[in-house]
Amino acid sequence: MKDFLQNKIFNIISEAADEQNQECYVIGGFVRDIFLNRPSKDIDVVVVGSGIELAKRVAAKLGKKANLSVFKNFGTAQVKLNDLEVEFVGARRESYQRDSRNPIVEDGTLEDDQNRRDFTINALALCLNKDRFGELVDPFGGIEDLKNFVLRTPLNPDITFSDDPLRMMRGIRFSSQLGFFLESNTFDAIARNKERIEIISKERIAEELNKIILSRKPSIGFILLEKTGLLELIFPELLALKGAETKDGVGHKDNFYHTLAVLDGLCEHTDNLWLRWAALLHDIGKPRSKRFDARMGWTFHNHNFVGEKMLPEIFKRMKLPTNEKLKYVQKLVTLHMRPIVLSEEEVTDSAIRRLLFDAGDDIDDLMMLCEADITSKNPDKVKRFRSNFQLVRKKLKEIEEKDKVRNFQPPISGQEIMETFNLPACATVGEIKMRIKDAILDGIIPNEYEAAKKYMSEVAKELGVNG
Ligand code: ATP
Ligand code: MG
């Protein structure tokens, strides 16, 4: 075990603790991650006594290199050394009241402190005092659970989850992040206590959702959220995608599992959180746009636009950023069918130019999303789509090199149109401007000033405007 504690910071903490005659342990996520071989920079140290006093002594020993911050109100202190952050806290005992996840805290023993942890694998402690340096304290069989990839609460899960319902989200997030299984009692207790999630702030829920989305295979987390019943409470629009209806013998695919397949597929190619959110939300408008008619079967007309319009409310309610991140996700949701349509049809230069113009710098992200969206069970179909997609990508590249429409600015401004024809700001100016833009995107004229100016005169004449 001592090998894991090679960093000299542990020797310094050890010395300081012995000098103060305080029992001290490194505990929680850092210890778990040692065994999982996941390097981490956040170290939590528990002291049976005063965390602040120990932190002060450690900082004094480290001298100028270290940075000490004391949070008196919380009884904690932090020492920063280069990129390491060590958090010191006194061992505590917690008791909860029904309406808050903030416990009443008292000084306690190491055992009390381990009892309040969320999962056995997060309750492991390694002693730092010299005579017991590296000794593992594992009262709940956390090492065994680590070996078996199991998440289990140290105490009765109903109490653990009801006390602090955020732990339910954390458990599901760890499943997704680490590829662990929720032990069946623990899983059942989440399902039983799901309603308790209401006392957790939206921000904290969003933080856990983001961590699920950033994990290697987010479908694990979302399927657990669905199975435990939490999804219905925190994200009903996503749950609404679930199910495959059949009418007159015609079915449609289950859009919940399809969405998760798209998200998992995309995650193999990008770590971009908001691109991943776009994958999760790309079909969110489908339940509201779903129709059946005898001739067409199931249709989801305009589900991309319906979805785009749903997003501001969803982001606001879930306390996700309602700034340019929302705009970016909206743009991808709106445009998510455009490349696939192009790959199905004869691809015209004009259609490619329009796509480049509408997507701008997000074109590569959009293409990545669309490629992940091809999830047919028919391998021939997937193959055909993918090769057509290669064609679309090639065309995009050619046209962008030739015409530079990706960040296209019309060569003639509304101002210039007004001055040339002596017009006030009016619909006619807008129309002339749009016709010039369309002519460029359709390849009728090149993307150049002189050509645009000539074209402007022609359009003006046609509209009966005299300069
Ligand atoms: P990560 O850092 O990846 O989010 P972590 O397990 O290290 O995961 P932290 O928030 O850093 O999580 O917390 C450190 C430790 O504190 C945990 O390992 C766990 O022992 C304990 N802990 C954190 N949050 C809770 C909670 N809500 N309930 C019980 N114990 C918790
Ligand atoms: Mg941590």
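Undergrad: Please clarify how the sheet that holds strand β5 (residues 84–90) should be interpreted in this entry.
TA: Backbone-to-backbone hydrogen bonds join strands into a sheet, with any given pair of strands oriented parallel or antiparallel. What the seven strands build is an open sheet, ordered β3-β4-β5-β2-β1-β8-β9; its pairing is mixed. The open sheet terminates on both sides in strands that have one partner only, identified here as β3 (66–71) and β9 (136–137). Bridging between strand β8 (residues 125–127) and β9 involves two bridges; their strand directions are antiparallel. Opposite Leu126, over in β9, you have Leu136 as the bridge partner.

Undergrad: Help me understand helix α10 (residues 219–228), please; the structure alone is not making it clear to me.
TA: Note: α-helices contain 3.6 residues per turn, so residues at a spacing of three or four share the same orientation. Counting buried residues in α10 gives seven out of 10 residues, a clear majority hidden from the surface. All of the buried residues in α10 are Ser219, Gly221, Phe222, Leu224, Leu225, Glu226 and Thr228. Looking one or two residues beyond α10, the residue adopting positive phi is Gly229, at roughly 90°.

Undergrad: Would you mind going over the domain arrangement of the chain with me for this structure?
TA: Much of the literature gives interface size as the accessible area that the parts lose upon coming together. As far as domains go, the chain holds domain 1 (2–148), domain 2 (149–234) and domain 3 (414–462). Of note, the centres of domain 1 and domain 3, computed from C-alpha atoms alone, are 69 Å apart.

Undergrad: Sorry, what's going on with the packing of helix α17 (residues 324–335) against helix α20 (residues 363–372) here?
TA: Helix packing geometry: the angle between the two helix axes and the distance between the axes. Where α17 contacts α20, the axes come no closer than 10 Å and their chain directions differ by 55°. One finds that α17 runs oblique with respect to α20. Here α17 and α20 pass one another in a crossing that is right-handed. Along its contact with α17, which presents Tyr328, Leu332 and Leu335, the element α20 presents Asp365, Leu366 and Leu369. Across the contact of α17 with α20, the residue classes tally to five nonpolar, no polar and one charged.

Undergrad: Explain the site of ligand 1 here, please?
TA: Surrounding ligand 1, one finds 15 residues, the nearest of these being Gly29, Arg32, Asn122, Asp164 and Arg167. Between an oxygen atom of ligand 1 and a main-chain N or O atom of Gly29, the distance comes to 2.9 Å. Here a nitrogen atom of ligand 1 sits 2.9 Å away from a polar atom, N or O, in the side chain of Asp164. Protein contact buries 75% of the 580 Å² of open area that ligand 1 shows by itself. Put simply, the parts of the chain that give the shell around ligand 1 at least two residues each are α2 (29–35) and α7 (166–178). When residues of the shell around ligand 1 are assigned to their parent elements, the largest contribution, four residues, is made by α7. A breakdown of the residues in the shell around ligand 1 according to their chemical character gives one nonpolar, three polar and 11 charged.

Undergrad: I would appreciate a short explanation of the pattern of salt bridges in the present structure.
TA: Two side chains carrying opposite charge are able to pair once their charged atoms lie near each other. Under the defined criterion, the tally for this structure stands at 36 salt bridges. For Lys331, the salt bridge goes to Asp362, with nearest N and O atoms at 3.0 Å. With Lys331 in helix α17 and Asp362 in the loop between α19 (349–359) and α20, this pair connects stretches of sequence that are 31 residues apart. Take Lys331: its relative accessible area is 25%, and that puts it in the partly exposed class.

Undergrad: Would you take a moment to explain the packing of helix α23 (residues 427–441) against helix α24 (residues 449–462) for this structure?
TA: Where α23 contacts α24, the axes come no closer than 10 Å and their chain directions differ by 130°. In terms of orientation, α23 and α24 fall into the oblique class. Both α23 and α24 take part in a crossing whose hand is right-handed. Seen from α23, the contacting residues are Ile432, Arg435, Ile436 and Ala439; seen from α24, they are Ala452, Tyr455, Met456, Val459 and Glu462. Taken together, the residues of the contact of α23 with α24 break down into seven nonpolar, no polar and two charged.

Undergrad: How do you make sense of the side chain of Ser14 when you look at a structure like this?
TA: The topology assignment puts Ser14 in helix α1 (residues 8–20). Contacts of Ser14, omitting those with residues within four sequence positions, involve Leu128, Asn129, Lys130 and Phe133.

Undergrad: Got a minute to help me understand the pairing of strand β4 (residues 76–81) in this structure?
TA: Here β4 lies mainly inside the structure; five of its six residues are buried. When β3 meets β4, the two strands line up antiparallel, connected through six bridges. By the bridge assignment for β4, Ser69 is matched with Gln78. The turn joining β3 and β4, which pair antiparallel and follow one another in sequence, is formed by four residues; a positive phi near 65° is taken by Gly75. Bridge count between β4 and β5: six bridges; the pairing is antiparallel. Considered in β5, the bridge of Thr76 is made with Val89. A loop of two residues connects β4 with β5, the two strands running antiparallel in sequence, and Asn82 in this loop sits at a positive phi of about 50°.

Undergrad: Help me understand the nonpolar core in this model?
TA: Generally speaking, a soluble globular protein has its nonpolar side chains buried in company with each other. Ranked by internal contacts, the top residues of the largest apolar core, which has 130 residues, are Ile13, Phe222, Phe235 and Trp277. Apart from residues lying up to four places away in sequence, Phe235 is in contact with Trp277, Leu280, Leu281, Ile284, Ile314, Arg317 and Met318. With nine residues, the next largest nonpolar core counts Tyr25, Ala91, Ala125 and Cys127 among its residues.

Undergrad: What is the right way to read unusual backbone geometry from this model?
TA: Excluding glycine, residues mostly carry a negative phi; peptide bonds, for their part, are mostly trans. Positive phi outside glycine occurs at Asn21, with the angle close to 60°. Residue placement: Asn21 occurs in the loop between α1 and β1 (23–27). Looking at Asn21, the relative accessible area reads 74%, which means it is exposed. At Asn302, a residue that is not glycine, the phi angle is positive and equals roughly 60°. On the basis of relative accessibility, which here comes to 46%, the residue Asn302 falls in the partly exposed class.

Undergrad: Would you mind going over the packing of aromatic side chains with me for this structure?
TA: Two descriptors summarise a pair of aromatic rings, namely the distance from one centre to the other and the angle between the planes of the rings. Counted according to the given criterion, the structure contains 10 aromatic pairs. Between Trp274 and Phe315 the ring centres are 6.1 Å apart and the planes differ by 40°, which places this aromatic pair in the tilted class. One end of the pair, Trp274, is in helix α14 (residues 273–281); the other, Phe315, is in helix α16 (residues 303–317), and 41 residues separate them in sequence. Residue Trp274 is classed as buried on the basis of its relative accessible area, which comes to 12%.

Rules used in this analysis
- Residues numbered from 1 in each chain as written.
- Chains lettered and ligands numbered in written order.
- Predicted model: local features only at pLDDT ≥ 70, side-chain atom pairs only at ≥ 80, totals over all residues.
- Heavy atoms only, no water.
- Pairing = 2+ DSSP bridges.
- Helix = DSSP H or I, 4+ residues; strand = E, 2+ residues; numbered from the N terminus.
- Buried < 20%, exposed > 50% of the residue type's maximum accessible area, 1.4 Å probe, protein only.
- Domains from an automatic or database assignment.
- Axes fitted to C-alpha atoms, helices over the stretch in contact; angles between N-to-C directions.
- Parallel < 35°, antiparallel > 145°, perpendicular 65-115°, else oblique.
- Left-handed = near helix turned anticlockwise from the far one by under 90°.
- Contact = heavy atoms within 4.5 Å.
- Nonpolar A, V, L, I, M, F, W, Y, C, P; charged D, E, K, R; others polar.
- Near = heavy atom within 4 Å.
- Polar contact = N/O pair within 3.5 Å; in protein donor to acceptor, adjacent residues only side chain to side chain.
- Areas by Shrake-Rupley, 256 points an atom, 1.4 Å probe, with all protein chains shown as cover.
- Salt bridge = Lys/Arg side-chain N within 4 Å of Asp/Glu carboxyl O.
- Core = buried A, V, L, I, M, F, W, Y, C linked by side-chain atoms within 4.5 Å.
- Phe/Tyr/Trp six-rings, centres within 6.5 Å; stacked < 30°, edge-to-face > 60°.

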